[in-house]
Amino acid sequence: MSNPLYILREDNVAARRIGDELMIMSARDSALFSLNETAAILWAAADGATPLADIVARDICPVFEIDADSALHDAREVAEGLAKHGILRIATQPFAAGEGHDA
Amino acid sequence: MNTGAAASTREMDIGIGGLWVRLRTDSPTFVAEMAGRFAGFLGEVARPDHVFDIELTPFPDGEGEDDGVDAHADEVQVSRNGALWQVRRGDFFAEWDPRTRHGHARMVPSPYSLDSVIRILHTLILAEQGGMLMHASSVALDGRAWMFTGVSGAGKTTISRLCPPGAHILTDEMSFIRLEDGRYFAHGTPFSGELGRPGENLREPLAGVFLLAKGPDNRIDVLSPTEAVRALMANILYFARDDALTARVFDNAIALAARVPVRRLTFVPDTRVWDLIGNQP
């Protein structure tokens, strides 16, 4: 079994819901991102303290009626993609309180 | 306001979009040169909104930096030092304090340098007020203003040239949008592009924003809310890598897209496109 992962919203981004979509703008490079529903759920739940597996079980599996292993695999890929763009951080330990972005 | 000559040959009041900036310098020659560049936007006001002291420094001779002004460096850096904004490019260094509305700049005696400082200053001021400078042309027709934006070559100047008699070109390069009593207004600016002449110094309520594309026929397509915000953000002028300012600019774009129609205008470059624009509700 792999180590638990923790995800945390970056603090140098602005996130705004526009219609049905969540748009995120990075202050680092002014890049704009539109998050799909899964990514938006992960973003909202990325408090740095809740394991990704728990977020998936709590917020994604019931919505998409998908098994936990598949959902976690997909969620990891989404989280890694967001991290590559600098709008989310991933770690194998919980983040310290006070780090990151208040949604 | 008196729209005659400036009070002193060493200072100049520039009013763009109703925001008056007083420039003070030791060089009457530079003031005279700048007066030509900002013709139509000069006046005399008793209490300008902002005051800028300009210190002119010689062009570097190629032997390296001249006390912080390196005219060979092109990238603009805008940062905040406490409440103070600092703007640095190769040809100038400027500081502006929004609390006192006072700033100073060291720059080479180039109209382009002053032009840039003024533009950057306005991006900061307008962002705080819910407005913006945009890479866009704007035209006033029958009491309404239309703004046209897009990538370079999309047709911002072309559509300005095609506007019908009686229309007023506010700018073919840099649109100045202010939020006034809950409504957006487009103001004329002295900033010109290929047209090579300043815009007319007047304002009209902003009726619509068009993202330009050239095509085989004239058509207008609705953009989704996120497409509209993307179109605006891609063309709003701002430079600071500052979290608070970024969020403010983002919010300003979202607010504008929520209140003013943002559409894609595909057009054939002839005057018939203005029939389509003029018939918009």
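Fair warning: this is a prediction, and the values are worked out from it, not measured in the lab.

Q: It is not clear to me how helix H5 (residues 243–259) of chain B should be interpreted in this structure. Could you clarify?
A: Counting along an α-helix, one turn takes 3.6 residues, and residues three or four places apart therefore face a common direction. The first and last C-alpha atoms of H5 of chain B sit 25 Å apart over 17 residues, in line with the 24 Å expected at 1.5 Å per residue. Within H5 of chain B, the full set of buried residues consists of Leu-245, Thr-246, Val-249, Phe-250, Asn-252, Ala-253, Ile-254, Leu-256 and Ala-257 of chain B.

Q: Can you walk me through unusual backbone geometry in this structure?
A: Negative phi is the rule for most residues except glycine; trans is the rule for most peptide bonds. All names here are of chain B. Within the chain, Asp-142 stands out as a residue other than glycine whose phi angle is a positive 55 degrees. The exposure class assigned to Asp-142 is exposed, which follows from the 10 C-beta atoms found within 10 Å. Although it is not a glycine, Asp-181 adopts a positive phi angle of roughly 50 degrees.

Q: What exactly am I supposed to notice about the interface of chain B and chain A here?
A: A common measure of how large an interface is: the accessible area buried when the components associate. The partner chain A presents 13 residues to the 12 residues of chain B that form the contact. A class-by-class count of the residues in the side of chain B that touches chain A yields six nonpolar, two polar and four charged.

Q: Sorry if this is basic, but what is going on with the domain arrangement of chain B here?
A: All names here are of chain B. Taken as a whole, chain B is organised into domain 1 (11–118) and domain 2 (132–278). The distance between the C-alpha centroids of domain 1 and domain 2 comes to 26 Å. Per element, the largest residue contribution to the side of domain 1 that touches domain 2 is three residues, and it comes from strand S5 (residues 77–81). Classifying every residue of the side of domain 1 that touches domain 2 by side-chain character gives six nonpolar, four polar and two charged.

Q: Any chance you could explain the packing of helix H1 (residues 37–45) of chain A against helix H3 (residues 68–84) of chain A here in plain terms?
A: The description of two helices packed together rests on the angle between their axes and the distance between the axes. Residue and element names in this part refer to chain A. Between H1 and H3, whose axes approach to 10 Å, the crossing angle comes to 75 degrees. The orientation of H1 with respect to H3, classified from their angle, is roughly perpendicular. Of H3, the residues touching H1 (which contributes Thr-38, Ala-39 and Leu-42) are Asp-74, Ala-75, Val-78, Ala-79 and Leu-82. Split into classes, the residues belonging to the contact of H1 with H3 amount to six nonpolar, one polar and one charged.

Reading the values: rules and limits
Residues numbered from 1 in each chain as written. Chains lettered and ligands numbered in written order. Predicted model: local features only at pLDDT ≥ 70, side-chain atom pairs only at ≥ 80, totals over all residues. Helix = DSSP H or I, 4+ residues; strand = E, 2+ residues; numbered from the N terminus. Expected span 1.5 Å × (residues − 1). Buried ≥ 20, exposed ≤ 12 C-beta atoms within 10 Å, placed from the backbone. Contact = placed C-beta atoms within 7 Å. Nonpolar A, V, L, I, M, F, W, Y, C, P; charged D, E, K, R; others polar. Domains from an automatic or database assignment. Axes fitted to C-alpha atoms, helices over the stretch in contact; angles between N-to-C directions. Parallel < 35°, antiparallel > 145°, perpendicular 65-115°, else oblique.

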